[in-house]
Amino acid sequence: MGNRLSKIYTRTGDDGTTDLGNGERIDKTNIRIDVMGDLDELNSLIGVLGSSGVIDNVSSHLLDIQHRLFDIGGELAIPGSAVINSIHVDSLEKIIDTYNEDLPALKEFILPGGSLSASICHLARSVCRRAERNLVAISRNEYINPESLRYINRLSDLLFVLARVLNQEKGGKEIFWNSERLKRSS
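The structure reproduced in this document is the subject of the present report. (Residues numbered from 1 in each chain as written. Predicted model: local features only at pLDDT ≥ 70, side-chain atom pairs only at ≥ 80, totals over all residues. Heavy atoms only, no water.)

### Some details on the packing of helix 3 (residues 86-100) against helix 5 (residues 146-170)
Two measures define how a pair of helices packs: the angle their axes make with one another and the distance between the axes.
And step 1. It is at 9 Å that the axes of helix 3 and helix 5 come closest, and there the two elements cross at 20°. Considering their axes alone, helix 3 and helix 5 lie roughly parallel with respect to each other. Where helix 3 crosses over helix 5, the two elements pack in a sense that is left-handed. Between helix 3 and helix 5, the residues in contact are Ser86, His88, Val89, Leu92, Glu93, Ile95, Ile96, Tyr99 and Asn100 and Glu147, Arg150, Tyr151, Arg154, Leu155, Asp157, Leu158, Val161, Leu162, Arg164 and Val165, respectively.
And step 2. When the residues that make up the contact of helix 3 with helix 5 are grouped by side-chain class, the tally is 11 nonpolar, 3 polar and 6 charged. (Axes fitted to C-alpha atoms, helices over the stretch in contact; angles between N-to-C directions. Helix = DSSP H or I, 4+ residues; strand = E, 2+ residues; numbered from the N terminus. Parallel < 35°, antiparallel > 145°, perpendicular 65-115°, else oblique. Left-handed = near helix turned anticlockwise from the far one by under 90°. Contact = heavy atoms within 4.5 Å. Nonpolar A, V, L, I, M, F, W, Y, C, P; charged D, E, K, R; others polar.)

Right under this line is the structure:
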């Protein structure tokens, strides 16, 4: 493979537009570009999470997820393309089921926090939800691979479960939302 990015700056975006993979130029404020930015932010957070000292099997899942997020970004860069499929979604569901099996049942909502790794995971989950909302917004008017939508939805579920797993592993305490405080303040 030759040098794909031999020149980092092109000056073509100085007018507030950018190229898609199909050669079309669109405004940088287009929601498609917003979602691509959301996915980039999510991918970066997952990279931070993977560097935060998580166990090897979690780290390996995170690396695979980073590749899939890049694939979804590619789908967005080339409108109408599809790379993610049901096998990728099924894989996330299996990982969720495996990790969730050993977690205590939830009786209350969890506040983000606990260990540093779990906190990063919760932040990644919230960015993932934003990406999902923006993907859904685009899908109302143009084709978005439905498997990518499913993948992002499952990914936020996985990040929630992983945050709980990481808290267990790192000795972080889950912080439960205290609904009783509402009754006391009334």
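### Remarks on the environment of proline 104
And step 1. Tracing the backbone through its elements, the reader meets proline 104 in the loop between helix 3 and strand 3 (110-111).
And step 2. Taking the C-alpha atoms as reference points, proline 104 and arginine 164, 60 residues apart in sequence, are found 9.4 Å from one another.
And step 3. Filtering out sequence-adjacent residues up to four positions away, proline 104 remains in contact with Arg164 and Gln168.

### Re the packing of helix 4 (residues 116-139) against helix 5
And step 1. Packing of helix 4 against helix 5 leaves a shortest axis separation of 8 Å and a crossing angle of 170°. Relative to helix 5, the element helix 4 lies roughly antiparallel.
And step 2. By residue class, the composition of the contact of helix 4 with helix 5 is 14 nonpolar, 6 polar and 5 charged.

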